[in-house]
Each structure stands twice: as structure tokens, then as C-alpha cells.
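# Breakdown of the fold
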Amino acid sequence: MNFRKLLFFAADFLKGNPIVRDLEDIRNQLSSAKPQALGQLELLLEHATSTTTFYRSFAGKTDVNNFPVIDKNLIRENLNDFLSSKTVKTELIPVVTSGSTGTPFKVFQDKRKKSRNTADTIYFSGLTGFEIGQKLMYLKIWAKEKMASPFTYWRQNLVPIDVIHLNDSQIERMIQKMENSRSVHGILGYVSALELVCQYLEKTRKMKVNARVSSIITMSESLSEYVKDSMQNFFGVNVYSRYSNLENGIIAQQVPGSEHRFLINSASYHVEILEMETNKPVPFGYVGRIVVTDLYNYAFPIIRYDTGDLGSFSSKTDVWGNKFLETVEGRKLDVLYDTNGNIVSSYIMYKNMWKYTDIKQYQLIQKDKKRYVLKVNADDGFSHEKQMVEEFVSYLGNDSDFSVEYVDEIPLLNSGKRRKLVNEMIK
């Protein structure tokens, strides 16, 4: 055991082992034959109805289906009504999302919820091979005003890598740091940032990166086959996609043996998939809205929260009976429809685009029911436009109006991510 791991659990011991207890509970629920803890959802519902203004009128209801589906706008407009009267306000921890597709969004958490999130992270990271104390190369947006002290990152063995202006020289410095270090590394980052890493390595290297890497986890964007295969080739470990958000935590993640599916974190969340326009559940395999109940945020109960993301349940379970998400399609604003009005899986984008290595950046926009524009940034020109258009037309409809627009740059969102799919029909 490395000294940072020892220090981490020693600090937890001095606080009464809250993280260790949560870790044991998560393991018992997700990876053992022990009976799962019963009643956590019912306890949350009782707490919410007895201590918050928003849920007070639902007192006595024990079925989560009798509670309303909520979203960001509803929470924003009734922020104080979601706060529990049993929470000491000075102990509240504000959590603010970037608002990459709208205005910033804020919820609150307490120490109990933070402990659970930490335990979830340790557990799901551990399934991919990462351990506390290993050096973590963390590629995301790093706002200077929100960054911790250099000592904190040293203690955590974390290397923050800002993706806003990620370029070849930054990527080369990252690779050199990894190769010159004797540490075991984990890599965590946005898919779009790791895509730039892959493109750089393909231009400059033909062999595996000479660094010790235990784990690669992607987040916030759909994992393409290109990034998955390329990162595996260069770093020698499997790549797994994580489905999480800032306001809740880790909702599901790909794990060894799950293939493309995402193991649902049912130890910490109750997950539903509901129809696009109603609150009825969809059958296995059908795409719908991902709706989450956070079982451990007692300071700010979030029940049946429409995440804004789309996905589907798998009909398969793991050996312990845990459920999977078959797909996570991304946000409703990033979903395409064919010319007949049917949802088209976002994975067609990645199925098509991985082989066009001369394209640096791309973004597919649905303008209206039958009109689509693909923006392409290709430094040295692109000679396969006809083939690419024919592929997209075969998915979207032979009567589609599909055009290609060449641009110098696809801009990043405020969050540091780059949208590959945009549906301008959805407001």
C-alpha cells in the first residue's frame, strides 16, 4: 500500500471511517451475494416529505412513482424549497455546474453526501484498476478561481490538465512527464480531449507510450471506438466510459465484462428510463429520458430528477443481478432524428467518423426535419466527402438534405467540451 493511500484511510479513520463504511456498503450491494440493504429509497422519501417544503404535500407516499419528475428549471425556481430543515445551512456545500448548454445550475450537498460520492469514486475507479495514491492525469476544464492549492494536488497525486487550450506541446509535456515518472498512472478525462491526445500520438509516435498506466476512464461525452482503440493501443490498458454528473455523482460506468454496457450504481441511485413526452417507463432496449433519484443527498433531496440525458435499459444483468444501461445517448439537445422522425443513435457518428483520420474536428447539426449540416475542420483538405455523405444519408434518410461546411475551428463550450451533435429543432 502506498503512503498516500495510507494517509487517506488514516484520515478517514480519525473521522470515524465514513468512507470505509460506505465502501463496504457499496461492495455488499454491487459485488457480493450478501443481502442488499433494504429501504434506503423509502427512508429518503420519508425524510424529504417531512423536512422539505417542496415534498411536504407528498407525505405518507411510499412509492417513488407517486412523486413528480423534476428538472433543472424547476429546482432553479424553487431552490430553497428543496433544502431540508434538518440541515445546518453553514454546513451546506454548493455544487455548481458549468451551464454549458444554458445558465449555470446549483444544488447543495452535505458531508454525508460527499462521503458517499468519494466511496462511489473509489469503488468504480477500482473496478478499472485505479487505486488511491496512484498518479491521476485529469483532463478537464480547470477554472483558476476554483482550483485547490498545489499542495492539495501533490497530496492527492493529481495532475490537472486544462483542456480549454489543449495543444500538441501540452500533450507532449504530459506524455514526457508520464514516461519520466516511476509512478503508476490513471487517466481520467473528456473524450474530446483524449481524442486530441490520440491524434497527436498517431502523428508523432508509432509505438506504445513507455509509461506505467493502470486505468483509463472517459467522462462527459460518448466514448468513440476510435478513442477507445487508440488509447488502448498507446497505453496498453482497456478504456471505460463513465456516466456521471456534477449535481449527483457516478450514476453508471462501463466495467470489466460489461462490454459496451454501463453498470448502474444502484447502491447510491434509483434510475428510471421514461418516455420522451410522458412519465411512463419504456421497455428494455428503447431510448428514453434518464431520471435519477439520489439516495444519499439528505441536505437537498433530489427525487425523480430528469438529467436531460437519454439512454436505455439492457435486458441483461451481471452475476449478482445488477442492472445495466444498454446505451447512454447524451443530452436531448444532442439527439438526431431521421427524416421520418425516429431517433437515430449518436453512435452512428462515431461509427462513421473514426476512419477519417484527416479530419481534425467535426460537428453534425440537424437544422430541421430533413436538413443536416456537417461542419468539418480538416487542416490538409478532405478527399472523402462523397463517401462520407452517402454513409450519413443511409442512416438519416435518402430524402435528407445533407451538406458539408468546412470551418477553421469547432468552438469549445464553456464546460471545455466540444459538442459533436447539435439539434437546432429542439428548443
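Everything in this summary refers to the structure shown in the same document. (Residues numbered from 1 in each chain as written. Predicted model: local features only at pLDDT ≥ 70, side-chain atom pairs only at ≥ 80, totals over all residues. Heavy atoms only, no water.)

Another aspect to go through is the overall build of the protein chain. Secondary structure summary: the protein chain contains eleven helices and 19 strands in total. Radius of gyration (C-alpha) of the protein chain: 22 Å, near the 22 Å computed for a compact globule of 427 residues. Seen through its principal axes, the protein chain has C-alpha atoms that stretch 65 × 55 × 45 Å. Looking at the protein chain residue by residue over its 427 residues, the buried ones come to 53%. For the protein chain, the share of sequence-separated contacts (at least 6 apart) that also reach a separation of at least 24 residues comes to 64%. Of the roughly 20600 Å² of accessible surface on the protein chain, 52% is carried by carbon and sulfur atoms. (Helix = DSSP H or I, 4+ residues; strand = E, 2+ residues; numbered from the N terminus. Rg over C-alpha atoms; globule rule 2.2 N^0.38 Å. Buried < 20%, exposed > 50% of the residue type's maximum accessible area, 1.4 Å probe, protein only. Contact = heavy atoms within 4.5 Å. Areas by Shrake-Rupley, 256 points an atom, 1.4 Å probe, with all protein chains shown as cover.)

The way to describe two aromatic rings as a pair is by their centre distance and the angle between their planes. For the structure on display, the rule yields 17 aromatic pairs. When the centroid spacing of 6.0 Å and the interplanar angle of 50° are considered together, the rings of Tyr55 and Phe67 count as tilted. One end of the pair, Tyr55, is in the loop between α3 (40-51) and α4 (72-77); the other, Phe67, is in the loop between α3 and α4, and twelve residues separate them in sequence. Take Phe67: its relative accessible area is 3%, and that puts it in the buried class. Sitting above the plane of the Phe105 ring, Lys72 keeps its charged end 5.4 Å from the centroid. The ring of Phe313 has Lys323 sitting right over it, with the charged end atom 5.8 Å from the ring centre. (Phe/Tyr/Trp six-rings, centres within 6.5 Å; stacked < 30°, edge-to-face > 60°. Lys NZ or Arg CZ within 6 Å of the ring centre and 35° of its normal.)

Moving on, we get to the pairing of strand β18 (residues 401-406). Inspection of the sheet shows strand β17 (residues 371-377) paired to β18 by six bridges, in the parallel sense. In the strand pairing of β18, Arg371 is matched with Asp401. You can see the chain leave β17, run along helix α11 (residues 385-396) and come back into β18, and the turn it takes is right-handed. (Pairing = 2+ DSSP bridges. Right-handed = clockwise from strand over helix to strand, strands pointing away.)

On to helix α7 (residues 168-180). A rise of 1.5 Å per residue sets the reference length of α7, with its 13 residues, at 18 Å; its end C-alpha atoms lie 18 Å apart and thus fit the reference within 8%. When we look at burial in α7, the residues that qualify are Ile171, Glu172, Met174, Ile175 and Met178. In an axial view of α7, the angular spread of the buried residues amounts to 160°, which keeps them on one side of the axis. Opposite the packed face of α7, turned more than 90 degrees from it, sit the exposed residues Lys177 and Asn180. Elements in contact with the buried residues of α7: β3 (135-140), β4 (158-162), β5 (184-190), α8 (191-204), β6 (212-219) and α9 (225-235). (Expected span 1.5 Å × (residues − 1). Arc of directions from axis to C-beta.)

Looking now at the sheet that holds β18. Across the sheet, four strands lie side by side as β18-β17-β16-β19; this open sheet has mixed pairing. Looking at which strands have only one partner, the edges of the open sheet turn out to be β18 and β19 (421-423). Across this sheet, the average inter-strand angle for adjacent strands is 20°, counted without regard to direction. Of the strands in this sheet, β16 (361-366), β17 and β18 touch α11, which is tilted by about 140° from β18. (Axes fitted to C-alpha atoms, helices over the stretch in contact; angles between N-to-C directions.)

Right, let's talk about the side chain of Thr218 for a bit. Looking at where Thr218 falls in the secondary structure, it is placed in strand β6. Taking the relative accessible area as the measure of exposure, Thr218 reaches 0% and is therefore buried. In this structure, Thr218 is in contact with Gly189, Val191, Leu194, Leu223, Val239, Tyr240, Ser241 and Arg242, ignoring residues within four places of it in sequence.

The final tally for this structure, using the stated rule, is 16 salt bridges. Close ionic contact of Asp306 with Arg289 constitutes a salt bridge, the shortest N to O distance being 2.8 Å. One end of the pair, Asp306, is in strand β12 (residues 305-317); the other, Arg289, is in strand β11 (residues 288-294), and 17 residues separate them in sequence. For the pair Asp306 and Arg289, a shared accessibility class is recorded, and that class is buried. Connected via shared salt-bridge partners are Asp22, Asp25, Arg112 and Arg116. (Salt bridge = Lys/Arg side-chain N within 4 Å of Asp/Glu carboxyl O.)

Sheet topology note: the β3/β5 ladder contains five bridges and is parallel. Within the sheet, the bridge partner assigned to Leu136 lies in β5 and is Gly186. For β3 and β4, the ladder comprises five bridges, and the chain directions are parallel. Bridge assignment links Met137 to a residue of β4, and that residue is Val159.

The α-helix advances 3.6 residues per turn, and as a result positions three or four apart in sequence lie on the same side. The terminal C-alpha atoms of helix α1 (residues 3-14) lie 16 Å apart, and with twelve residues this matches the ideal 16 Å at 1.5 Å per residue to within 8%. Within the sequence span of α1, burial applies to Arg4, Lys5 and Asp12. The buried residues of α1 occupy one face: seen down the axis, they fall within an arc of 105°. Facing away from the buried side of α1, by more than 90 degrees, are the exposed residues Leu7, Phe13 and Leu14. Those residues of α1 that are buried lie in contact with α2 (18-30) and α6 (150-156). You can read the cap of α1 off the contacts: a side-chain oxygen lies 3.2 Å from the backbone nitrogen of Arg4, and it is on Asn2. Directly beyond the C-terminal end of α1, a positive phi value near 100° is found at Gly16. (Polar contact = N/O pair within 3.5 Å; in protein donor to acceptor, adjacent residues only side chain to side chain.)

Fair warning: the whole summary comes from geometry, so function is off the table for now.
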